[in-house]
Amino acid sequence: VGMVKSRRRSYTPGTRRALLDRLKRTGPQDAESLGQHLGVTAMAVRQHLYALEAEGIVTARETPRPLGRPVKLWALSDNAEAFFPDGHAELTLGLLSAMGKAFGPEGLDKLLAARTQTQQQAYTARVGRHKTLKRRLEALAEIRSEEGYMAEVRKDGLGSYLFVENHCPVCAAARVCQGLCRGELELFRAVLGPQVTVERVDHILAGARRCSYRVASVTS
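Residues numbered from 1 in each chain as written. Predicted model: local features only at pLDDT ≥ 70, side-chain atom pairs only at ≥ 80, totals over all residues. Heavy atoms only, no water.

Undergrad: When you look at the pattern of salt bridges in this model, what are you seeing that I'm missing?
TA: Any two side chains of opposite charge can pair, so long as their charged atoms come close to each other. Enumeration over the complete set of coordinates arrives at 13 salt bridges. Across the pair Glu-147 and Arg-144 runs a salt bridge whose closest N-O atoms are separated by 3.6 Å. Look at Arg-144 and you get buried, because its relative accessible area is 2%. Of the charged contacts, one joins Glu-184 and Arg-200 as a salt bridge, the two residues approaching to 3.9 Å between their closest N and O atoms. Of the two residues, Glu-184 sits in helix α7 (residues 179–192) while Arg-200 sits in strand β5 (residues 196–202), which places them 16 residues apart along the sequence. In this structure, a network of salt bridges that share partners links the residues Arg-144, Glu-147, Glu-165, Glu-184 and Arg-200. (Salt bridge = Lys/Arg side-chain N within 4 Å of Asp/Glu carboxyl O. Buried < 20%, exposed > 50% of the residue type's maximum accessible area, 1.4 Å probe, protein only. Helix = DSSP H or I, 4+ residues; strand = E, 2+ residues; numbered from the N terminus.)

Undergrad: Help me understand the sheet that holds strand β3 (residues 151–155) in this model?
TA: Within a sheet, neighbouring strands are paired by backbone hydrogen bonds and run either parallel or antiparallel to one another. Read from one edge to the other, the open sheet built from four strands follows the order β3-β4-β6-β5, with strand pairing classed as antiparallel. Only two strands of the sheet have a single partner each, and these edge strands are β3 and β5. When the angles between neighbouring strand axes are averaged without regard to direction, this sheet yields 25 degrees. Note that β5 and strand β6 (residues 211–217) share six bridges and pair antiparallel. Bridge pairing in β6 links Val-198 to Val-215. This element, α7, spans β4 (161–165), β5 and β6 of the sheet and lies at about 150 degrees to β5. (Pairing = 2+ DSSP bridges. Axes fitted to C-alpha atoms, helices over the stretch in contact; angles between N-to-C directions. Contact = heavy atoms within 4.5 Å.)

Undergrad: Looking at this structure, I do not really get unusual backbone geometry. What am I missing?
TA: Trans is the common state for peptide bonds, and a negative phi is the common state for residues other than glycine. The phi dihedral of Met-150 falls on the positive side, at around 50 degrees, and the residue is not glycine. Here Met-150 shows up in the loop between α5 (133–146) and β3. Since its relative accessible area comes to 10%, Met-150 is described here as buried.

Undergrad: Honestly, the layout of surface pockets in this entry has me stumped. Any pointers?
TA: One simple way to see leftover space: roll a probe sized like a water molecule over the atoms. A volume near 360 Å³ is recorded for the largest pocket. Forming the boundary of the largest pocket are 16 residues, of which Lys-24, Asp-78, Glu-81, Ala-208 and Arg-209 lie nearest the centre. Those elements that provide at least two residues to the lining of the largest pocket are α1 (15–26), β2 (71–76) and α6 (171–176). The residue inventory of the lining of the largest pocket, partitioned by class, reads eight nonpolar, three polar and five charged. Looking at the second largest pocket, its volume works out to about 310 Å³. Along its surface, the second largest pocket is lined by Asp-30, Ala-31, Glu-32, Arg-46, Tyr-50, Glu-62, Arg-65, Arg-69, Pro-70, Val-71, Lys-72 and Trp-74. For the lining of the second largest pocket, the secondary structure elements donating two or more residues are α2 (31–38), α3 (42–54) and β2. (1 Å grid on protein atoms, 1.4 Å probe; cavity = no way out; pocket = protein on both sides within 12 Å on 5 of 7 lines; lining within 4 Å. Points joined across faces, edges and corners; volume = space filled by probe spheres on them. Nonpolar A, V, L, I, M, F, W, Y, C, P; charged D, E, K, R; others polar.)

Undergrad: I keep staring at the nonpolar core and nothing clicks. Help me out?
TA: Within the largest apolar cluster, 25 residues are counted, with the highest numbers of intra-cluster contacts made by Phe-163, Val-198, Tyr-213 and Val-215. For this core, the secondary-structure elements that each account for two or more residues are α4 (89–127), α5, β4, α7, β5 and β6. Ranked by residue count, the leading element in this core is α5, at six residues. Other than its neighbours up to four places away in sequence, Phe-163 contacts Leu-137, Leu-140, Ala-141, Arg-144, Ala-151, Glu-152, Val-153, Phe-188, Cys-211, Ser-212, Tyr-213 and Val-215. Of all hydrophobic cores here, the second largest spans 16 residues; its members include Leu-19, Leu-34, Leu-49 and Ile-57. (Core = buried A, V, L, I, M, F, W, Y, C linked by side-chain atoms within 4.5 Å.)

If you want it as structure tokens, here you go:
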């Protein structure tokens, strides 16, 4: 009797990176769910996860379930940030510090406002081509992902959308310059237009795993 070939792959060179990206986007997951998404066996996933755990890149905790044995959930550790874009954090911090000393707080705010204005023009040129809110958000997510934010759009149960940024490539700079985050919220509101409300509901600097925004059309 010949051996039946498995329909699922066991290992690919990109599996390790794919695991890190998936955990970054979704938060804690069990090996079975990760394997189903990536198209590999749960056993192969566990092999990678245990290796990553030994390197301090992921952590695991057991979570009780109503029925059956507890499930082990895997999540990224702080060390995993090295695998994602950092936006040249050291250079950015140095420039922000130098600009603050040279121009003072008001001058720094003006520089950030000018940066936001430039972003707004570039974003609007791409986002403004689309008529529906969903398509505009998808275009915005594409732009932000190109910049390293791992952005995505999700339908919200409240009749609105969640615009999610799973990574912040300028997080180190944002921690010392709150104007960057303030400018981001203003930028989204300006690009999406006056008929749309944008509310930040998750914030990495406040301890959340991601930054996310609830976006909805204004009802008359």
